[in-house]
Amino acid sequence: MKDQSQLILQFQQKDVKAYEKLYNLYCNSISGVVNNIVKNDDVAQEITQDVFIKAWNKADTYSAKKGRFFTWLLNIARNAAIDYTRSKKFKQSKQNLSADFFVDILESSSSLDSETNTIGLKEFVTKLGETCKSVIELLYFKGFTQKEASEELNIPLGTIKTRNRTCIGELRTMLGV
Amino acid sequence: MNTKDYIASGILELYIAGSLSEKENEEVYAAIQENPELLVEVESIEKAILQLTAAAKKDASYSFENIKNKLKVEETKVISITKLQTNWKQYVGWAAAFILGSTLILSVLQNNKLKEQLASENSEKELLEAQIDSASTNLASAEKLIEIFRGKDIISVPLGGQAVSPNSYAKVYWDKKTESIYLDAKGLPEPPKGKVYQVWSLTLDPLTPTSLGTLDSFIADTNKIFTITNANQSEAFGITLEPEGGSLSPTLEQLYTLGAISS
């Protein structure tokens, strides 16, 4: 994806049009991750906007050497969402929470959003093993390191890597990517 | 590790998740740069994760328009102003530090210069004071001399040049009351090294010389007037050139000037 690195370069030079393309590529994923942490759609929307404004303001800090652009956005999003969960506002609204994992969100989703293949994914996660659910939750949604996930799930460090690879492999087969 | 094993290790999945260390991230990045096959794999994984995470969002729609205005505002106004301000502050800070620093250095230098000037002025002042002091002393002694020379009880004795130095001359002013003579030796040549003038009081019949002393400070003395105590019943005065330290009796071959008291 030569186009993508070009877009990122333009974004770093404060090219709004290039940023709009990147935004459209990633905003749904970012809001999904944020929503999974804050468990509130309105708040997730607000935080997602903040994440993209933040990313814009610190565009010069991104370096391809440190990781993928998407991964960089993921980190900003998780941090912003976790910051929110530590605020008073969140603690007051906490009792209204129902869903705990991305799986629950997916399973309870009534969305027929064609863009995101929700129906297919819903089907996918219901079939997914418990370990896969937990590993994906921790690594992609919560931003755990390999070691943290290994400790949390009581699975050997090396196993996390291969187990995750298998889970993502299933996902890719289902999605055809 | 070959490409297949590398992919199978599951490291690329963790790379997308952001679960690797900074060092591991750089290693994966380097590996991807070398092997385009890895990039294809990474992009596929990312695509899958993008869809999975996107499914966790609720119905809310996300329009770029919502943040576009905020970006523009921040880009054209807030960012530039804050940048300008920080730069301005920074520059002013550095400028102030520079000015302060150079002012300090300058003032230290100036202070040293002033101190030196003051020191040299002080020594100059001391020199002047000494000059004034010596001038007034000179004046006083000159006035005293004039007074002495004009005194009616002063006996003036001219001493004429003798064979060894016919052009030499000297004058003795003898104050019998104070038993002192004032010898004006301006008319004598500078004594050669290792020699001094010795002043003699003489009685003529029989010829008896009495040493009045040597003129050790002859060269250094500017007015060449020497005050010498003389309690003798002198009848004549003579000046001879003697070896340093003087002699017990005058070396007559080296008699420079001689003068008898006229009365």
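Undergrad: What exactly am I supposed to notice about the overall build of chain B here?
TA: Counting its regular elements, chain B contains five helices and eight strands. Start at the N end of chain B and walk to the C end: the helices and strands fall as α-α-α-α-α-β-β-β-β-β-β-β-β. Across the 263 residues in chain B, those meeting the buried criterion constitute 34%. At a minimum sequence separation of 6, the contacts of chain B that also span at least 24 residues come to 58%. Surface exposure of chain B reaches about 16,400 Å², of which carbon and sulfur atoms provide 57%.

Undergrad: Honestly, the side chain of Asn35 of chain A in this entry has me stumped. Any pointers?
TA: As for its position among the elements, Asn35 of chain A is in helix H2 (residues 16-38). Since its relative accessible area comes to 3%, Asn35 of chain A is described here as buried. Here Asn35 of chain A is in contact with Asn40, Asp41, Ala44 and Ile105 of chain A together with Ala56, Lys57 and Lys58 of chain B, once residues within four sequence places are set aside.

Undergrad: Before we go on, may I ask you to explain the pairing of strand E5 (residues 207-214) of chain B in this structure?
TA: Note on strand geometry: in a regular strand, side chains alternate between the two faces of the sheet. Residue and element names in this part refer to chain B. Bridge analysis of strand E4 (residues 195-204) against E5 gives seven bridges, and the strand direction is antiparallel. Counterpart to Val199 in the pairing with E5 is Gly213. Once E4 ends, the chain turns through two residues before running back antiparallel as E5.

Undergrad: Help me understand the layout of surface pockets in this model?
TA: Of the voids in this model, the largest pocket is the one considered here, and its volume is about 530 Å³. Considering the residues around the largest pocket, the lining is formed by 20 residues, among which Ser5, Ala64 and Arg68 of chain A together with Gln33 and Leu39 of chain B are closest to the centre. Secondary structure elements with two or more residues in the lining of the largest pocket: helix H1 (2-12) of chain A together with helix H3 (22-34) and helix H4 (36-54) of chain B. Sorting elements by how many residues they give to the lining of the largest pocket places H1 of chain A first, with six residues.

Undergrad: Just to check I follow, could you spell out the nonpolar core for this structure?
TA: If you look at the biggest cluster of nonpolar residues, it comprises 80 residues, and the most contacted ones within it are Tyr19 and Ile30 of chain A. Top contributing element to this core by residue count: H2 of chain A, with twelve residues. Excluding anything up to four places from it in sequence, Tyr19 of chain A contacts Phe11, Phe52, Ile53, Ala55 and Trp56 of chain A together with Phe64, Ile67 and Leu71 of chain B. With 21 residues, the next largest nonpolar core counts Ala170, Trp174, Leu188 and Val199 of chain B among its residues.

Undergrad: Looking at this structure, I do not really get the sheet that holds strand E8 (residues 255-260) of chain B. What am I missing?
TA: Two strands in a sheet stick together by hydrogen bonds in their backbones, pointing the same way (parallel) or opposite ways (antiparallel). All names here are of chain B. The strand order across the open sheet formed by eight strands is E5-E4-E7-E8-E1-E2-E3-E6, and the pairing between neighbours is antiparallel. Both edges of this open sheet fall to E5 and strand E6 (225-229), since each of them pairs with a single strand only. Sheet twist, expressed as the mean angle between neighbouring strand axes with direction ignored, is 25°. When strand E3 (residues 180-184) meets E6, the two strands line up antiparallel, connected through five bridges. Residue Leu183 lies in a different strand from E6, and its bridge partner there is Phe226.

Undergrad: Would you mind showing me how to read the confidence of the model for chain A here?
TA: Note that predicted coordinates carrying low pLDDT should not be read in detail. This prediction gives chain A a mean pLDDT of 84; 85% of its residues lie at or above 70. Looking at the elements of chain A, mean pLDDT is at its lowest for helix H5 (residues 88-93) of chain A, recorded as 68, and at its highest for helix H4 (residues 69-85) of chain A, recorded as 93.

Quick notes on the rules
In this convention, every chain numbers its residues from 1, walking through the sequence in written order. Each chain gets a letter, beginning with A, and each ligand a number, beginning with 1, in the order they are written. Residue-level local features of this predicted model are given only where pLDDT is at least 70; pairs of side-chain atoms are given and counted only at 80 or more, and the full residue set underlies all totals for whole chains, interfaces and linings. Water and hydrogen atoms play no part in the side-chain values, which are based on all heavy atoms of the structure. Only DSSP runs of H or I with at least four residues qualify as helices, and only runs of E with at least two residues qualify as strands; both kinds are numbered from the N terminus onward. Any residue under 20% of the maximum accessible area for its type is buried, any over 50% is exposed, and the rest in between are partly exposed; the area is computed with a 1.4 Å probe on protein chains only. Contact criterion: two residues are considered in contact whenever any of their non-hydrogen atoms come within 4.5 Å of each other. We get accessible surface area from the Shrake-Rupley algorithm with a probe of 1.4 Å; when it comes to residues, only the shown protein chains can shield them. In short, DSSP must find at least two bridges between two strands for them to pair. A cavity here means a set of points on a 1 Å grid, drawn over the protein atoms and nothing else, where a 1.4 Å probe fits but cannot get out; a pocket is an open set with protein on both sides within 12 Å along at least five of seven lines, and a residue lines either one if it has an atom within 4 Å of a point. Grid points are joined across faces, edges and corners, and a volume is the space filled by probe spheres set on the points. Think of a nonpolar core as a cluster: buried Ala, Val, Leu, Ile, Met, Phe, Trp, Tyr and Cys residues, connected wherever their side-chain atoms sit within 4.5 Å. Angular values range over 0 to 180 degrees, each being the angle between N-to-C directions of two axes fitted as lines to C-alpha atoms, with helices fitted over their stretch in contact. You can read pLDDT as the predictor saying how much it trusts each residue, on a scale of 0 to 100.

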